[in-house]
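Chain by chain, the residues run as shown.
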Amino acid sequence: LRVSCGATTMGDETSTSVPAQEQEPTVGAGSVKQQLSRLVISSLRTTVPEVEVEPMVEVSAKFADYQCNNAMGLWSKVKGSGTSFKNPNAIGQAIAKNLPSSDIIESTSVAGPGFVNITLSNSWVAKRIQDMLINGINTWAPILPVKKAVIDFSSPNIAKEMHVGHLRSTIIGDTLARMFEFSNVDVLRRNHVGDWGTQFGMLIEYLFEKFPNWQEIGSQAIGDLQVFYKASKHKFDNDPEFKERAQQGVVRLQGGEEKYREAWKKICDISRSEFDLVYKRLNVELEEKGESFYNPYIPQVLAELNSKGLIQESEGAQVIFIEGYQIPLIVVKRDGGFNYASTDLAALWYRLNVEKAEWIIYVTDVGQQQHFEMFFKAARMAGWLPDPKENKFPKTNHVGFGLVLGSDGKRFRTRSTEVVRLVELLDEAKSRSKSELLQRLTENGKIVDWTDEELEQTSEAVGYGAVKYADLKNNRLTNYTFSFEQMLSDKGNTAVYLQYAHARICSIIRKSNKDVEELKMSGAISLDHPDERVLGLYLIRFAEVVEEACTNLLPNVVCEYLYNLSEMFTKFYTNCQVVGSPEETSRLLLCQATAVVMRQCFQLLGITPVYKL
Ligand code: ARG
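On to the overall build of the chain. Check the secondary structure of the chain and you find 22 helices and 14 strands. Relative to the 2.2 N^0.38 estimate, which gives 25 Å for 613 residues, the radius of gyration of the chain is 28 Å and therefore close to what a compact globule would have. Per-residue burial for the chain yields a buried fraction of 53% across its 613 residues. Here the analysis covers contacts within the chain between residues at least 6 apart in sequence; of these, 75% occur between residues at least 24 apart. Approximately 27600 Å² of the chain is accessible, and the part contributed by carbon and sulfur atoms is 49%. Distance between charge centroids for the chain: 3 Å, based on 68 positive and 77 negative side chains.

Attention now goes to the sheet that holds strand β8 (residues 311-314). If you trace the 3 strands from one edge of the open sheet to the other, you get β8-β9-β10, paired in antiparallel fashion. The strands lining the two open edges of the sheet, one partner per strand, are β8 and β10 (329-332). On average, each strand axis in the sheet is tilted by 45° relative to the strand beside it, whichever way the strands run. Two strands pair when backbone bridges link them, and strand β9 (residues 317-320) and β10 are joined in this way by 3 bridges, in the antiparallel orientation.

Moving on, we get to the nonpolar core. By size, the foremost hydrophobic cluster in this structure holds 159 residues, and its most contacted members are Leu36, Leu120, Phe180, Phe542 and Val597. If you tally residues by element for this core, the top one is helix α22 (residues 584-605), at 13 residues. Among all residues touching Leu36, those that are not within four sequence positions of it are Val57, Tyr66, Ile104, Ile105, Ile118 and Leu120. One finds Tyr294, Leu352, Ile360 and Phe375 within the second-largest nonpolar core, a separate group that totals 35 residues.

This part takes up the site of the ligand. Surrounding the ligand, one finds Asp152, Ser155, Asn157, His166, His192, Tyr340, Asp344, Tyr362, Thr364, Gln368 and Phe372. Contact distances for the ligand include 2.7 Å between a nitrogen atom and a side-chain N or O atom of Asn157. Contact with the protein chains hides 90% of the accessible area of the ligand, taken as 350 Å² for the molecule alone. Listed by contribution, the elements that provide at least two residues to the shell around the ligand are α12 (340-353) and β11 (359-365). When its residues are assigned to classes, the shell around the ligand shows 3 nonpolar, 6 polar and 2 charged.

Remark: helix α11 (residues 298-307) packs on α12, axes separated minimally by 9 Å, with the N-to-C direction vectors making an angle of 90°. Taken together, the axes of α11 and α12 are roughly perpendicular relative to one another. Together, Ile298, Gln300, Val301, Glu304 and Leu305 of α11 and Ser342, Thr343, Leu345, Ala346 and Trp349 of α12 make up the contact between the two elements. Here the residues of the contact of α11 with α12 sort into 6 nonpolar, 3 polar and 1 charged.

Moving on: the sheet that holds strand β5 (residues 148-152). Whenever strands of a sheet pair, they do so through backbone hydrogen bonds, lying parallel or antiparallel. If you walk across this open sheet you meet the 5 strands as β7-β6-β5-β11-β12, and the pairing is parallel. Among the strands making up the open sheet, the edge pair consists of β7 (287-288) and β12 (395-401). On top of the sheet, α12 reaches β5, β6 (186-191), β11 and β12; it is set at about 145° to β11, its chief contact.

A word on the pairing of β9. Summarising the sheet, β8 and β9 pair through 4 bridges and their orientation is antiparallel. Opposite Glu313, over in β9, you have Gln318 as the bridge partner. Here β8 hands over to β9 after 2 residues, with Glu315 in that stretch at a positive phi of 50°.

Once that is clear, we can look at the confidence of the model for the chain. Interpreting fine coordinate detail is not advised for predicted regions of low pLDDT. In this model, the chain carries a mean pLDDT of 91, and residues with pLDDT of at least 70 account for 93%. For this predicted complex, the interface confidence score (ipTM) comes to 0.99, while the overall pTM stands at 0.93.

Bringing helix α2 (residues 71-78) into the picture now. All buried positions along α2 are accounted for by Ala71, Leu74, Trp75 and Val78. Looking straight down α2, one finds that the buried residues subtend no more than 105° of arc, so they occupy a single side. Downstream of α2 by one or two residues, Gly80 has phi in the positive range, about 80°.

With respect to the element layout, Asn191 can be found in strand β6. Overall, Asn191 belongs to the buried group, its relative accessible area being 3%. The contacts of Asn191, once residues within four sequence positions are left out, are Phe153, Ser154, Ser155, Pro156, Tyr279, Leu286, Glu287, Glu288, Lys289 and Gly290.

Within the secondary structure layout, Trp214 lies in the loop between α6 (199-210) and α7 (219-222). Look at Trp214 and you get buried, because its relative accessible area is 4%. Along the primary structure Trp214 and Ala263 are separated by 49 residues, whereas in three dimensions their C-alpha atoms are 8.0 Å apart. What Trp214 contacts, discounting residues up to four positions off in sequence, is Leu207, Phe208, Lys259, Glu262, Ala263 and Lys266.

All right, on to the pairing of strand β3 (residues 105-111) then. Pairing between β3 and strand β4 (residues 115-120): 6 bridges, direction antiparallel. Bridge pairing in β4 places Ser109 opposite Asn117. Between β3 and the antiparallel strand that follows it, β4, lie 3 residues; Gly112 among them carries a positive phi value of about 45°.

What follows covers the environment of Asp335. Residue placement: Asp335 occurs in the loop between β10 and α12. Judged by relative accessible area, Asp335 falls into the exposed class, the value being 60%. Sequence-wise, Asp335 and Ala317 are 18 residues apart; in three dimensions their C-alpha atoms are separated by 7.9 Å. Within the structure, Asp335 has its side chain in polar contact with the backbone nitrogen of Gly337 (distance 2.8 Å).

This paragraph deals with the packing of aromatic side chains. Evaluation of the coordinates by the stated rule reveals 27 aromatic pairs. Relative to Phe572, the ring of Phe569 has its centre 5.6 Å away and its plane inclined at 55°; by these criteria the two rings are tilted. Taken together, the positions of Phe569 and Phe572, both in helix α21 (residues 556-575) and 3 residues apart, correspond to about one turn of that helix. In this structure an aromatic cluster arises from ring pairing among Phe293, Tyr294, Tyr297, Trp349 and Tyr350. Its guanidinium or amino end placed over the ring of Phe208, Lys259 lies 4.3 Å from that ring's centre, counting from NZ or CZ.

Residues apart from glycine generally show negative phi values, whereas peptide bonds are mostly found in trans. For the bond running from Phe393 to Pro394, omega is 0°, close enough to zero to count as cis. Residues other than glycine seldom take positive phi values, yet Asn184 does so here, at roughly 65°. Its place among the elements puts Asn184 in the loop between α5 (164-182) and β6. Among the residues examined, Asn184 registers a relative accessible area of 39% and is labelled partly exposed.

Criteria and cut-off values
- Residues numbered from 1 in each chain as written.
- Predicted model: local features only at pLDDT ≥ 70, side-chain atom pairs only at ≥ 80, totals over all residues.
- Heavy atoms only, no water.
- Helix = DSSP H or I, 4+ residues; strand = E, 2+ residues; numbered from the N terminus.
- Rg over C-alpha atoms; globule rule 2.2 N^0.38 Å.
- Buried < 20%, exposed > 50% of the residue type's maximum accessible area, 1.4 Å probe, protein only.
- Contact = heavy atoms within 4.5 Å.
- Areas by Shrake-Rupley, 256 points an atom, 1.4 Å probe, with all protein chains shown as cover.
- Lys, Arg positive; Asp, Glu negative; His and termini not counted.
- Charge placed at Lys NZ, Arg CZ, Asp CG, Glu CD.
- Pairing = 2+ DSSP bridges.
- Axes fitted to C-alpha atoms, helices over the stretch in contact; angles between N-to-C directions.
- Core = buried A, V, L, I, M, F, W, Y, C linked by side-chain atoms within 4.5 Å.
- Near = heavy atom within 4 Å.
- Polar contact = N/O pair within 3.5 Å; in protein donor to acceptor, adjacent residues only side chain to side chain.
- Nonpolar A, V, L, I, M, F, W, Y, C, P; charged D, E, K, R; others polar.
- Parallel < 35°, antiparallel > 145°, perpendicular 65-115°, else oblique.
- pLDDT = per-residue confidence, 0-100.
- Arc of directions from axis to C-beta.
- Phe/Tyr/Trp six-rings, centres within 6.5 Å; stacked < 30°, edge-to-face > 60°.
- Lys NZ or Arg CZ within 6 Å of the ring centre and 35° of its normal.

What follows is the structure, given as structure tokens:
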């Protein structure tokens, strides 16, 4: 098993030019669960018109394909109210009977206290898969309850280190953005860069001192901004005269003095070009609206909160007291300056009122959880957001994540520096995947096939993909241990293994010498063998999985699906002969559908699949 060829293709799979929304929903819009839910709602309205409940449809592992679990809950609502139903089972029976006729459902049965087991029709499943092959994977997008979302992610701080925490935020945020975008949500990808604050006084004065000709110099001259930051901090801590100047510098910058604004911009530009290098390598798009962007809005936002009686004075600072917290949320510091919280309140106001986002998602380490909880509460006190219990939009969520640990179980660091430099980390991922690739190719005597460019692109795709997948496959809240050996292994649940699994499917199709583009139009899919059916059912669960990952903001759900899918494919391929069998056409189409869904998973995870068509 090895990568068939070095030709890398971007994962964006768009086989149709018609946007998903405008397409005839030939096999129904939304995930299977969403479609079954619509049938169940209709049945519930007929069965128990007097009560309104949400449909409860779940995947059923044991007795059928899906299950409706409404009967028990309904029973507890109607019993004793003169209902004609004798028990929950009778309600279940009625729900099953009242389901509108549909070509989705093959049969239903009612078990125990009213569980309605639903078996899907093979021909409908087959049709849904074929329809996806013809009209594109976008037709399998789930329907989400919002149209516009802000995802605030990456968000490093100027002149400070962009550390592994920011790498996690970048990877997790980008994946969430991709999942929402796939689900037809308009996503504002926001880089809330820390580009404002008292450290700038010190940085600017240090710049003036070190580089009297600072206006002319390029970013090269200043070199490493982190080193620059450290040196200026050292001076700040040890030279009282410099400290004094730095403090005045902040005031002059905030007062808008031209020279200070220019120097500030210069420092931000240098940082920005460093960040951009990382984003480019990771293939992540972001639009910067840093902290400074929201400065002009802070006074009016605080005035609004004040007029609502939320702001009080405490020990010389302006604060908001929030129920359940010992310390209040400071919104104006004792020296009159604004802070992280005041900026975040202004940014939230802007996102709600100017950008009209319905869902605002913040991706940072769990260490910042309290900050987010507190300012979300403040926003609720101001009436900007509904009570979270109502489960209504607009909504805010903090997407927290755990630490990255080194092999010693402590916070991940490299030998030379206190923190891990992202660029170095990516360099190492690439060079390690390159040397493994070379070794593999040499063993197979294949090296002649590859151009230098193919080799470069492939080692980047495999190396960076491995870093991303290792981060995304765990529940984001758990800490994980960073290990190049593990993430670049071709065994187990790794991106490398999945790359091979996918490439192998492509090579099965290629070696059949059949044109699947033609087959998908003329041939048909049948799911008679149990392993064909299991694979088919799992394929059409794709939309549900994306829906779940978006609803619960958990990218690992997609990783798990991708891995399981590859396992199910292996089982199918082991037990069902593809090439040369009477079912060849149908089975090749199943191979193709698996490859398309796997590629879409890679795309959602920001991983570039490596394969040859
Ligand atoms: N710059 C912050 C940090 O590095 C993260 C900002 C997150 N976004 C926000 N709106 N607070 O910790």
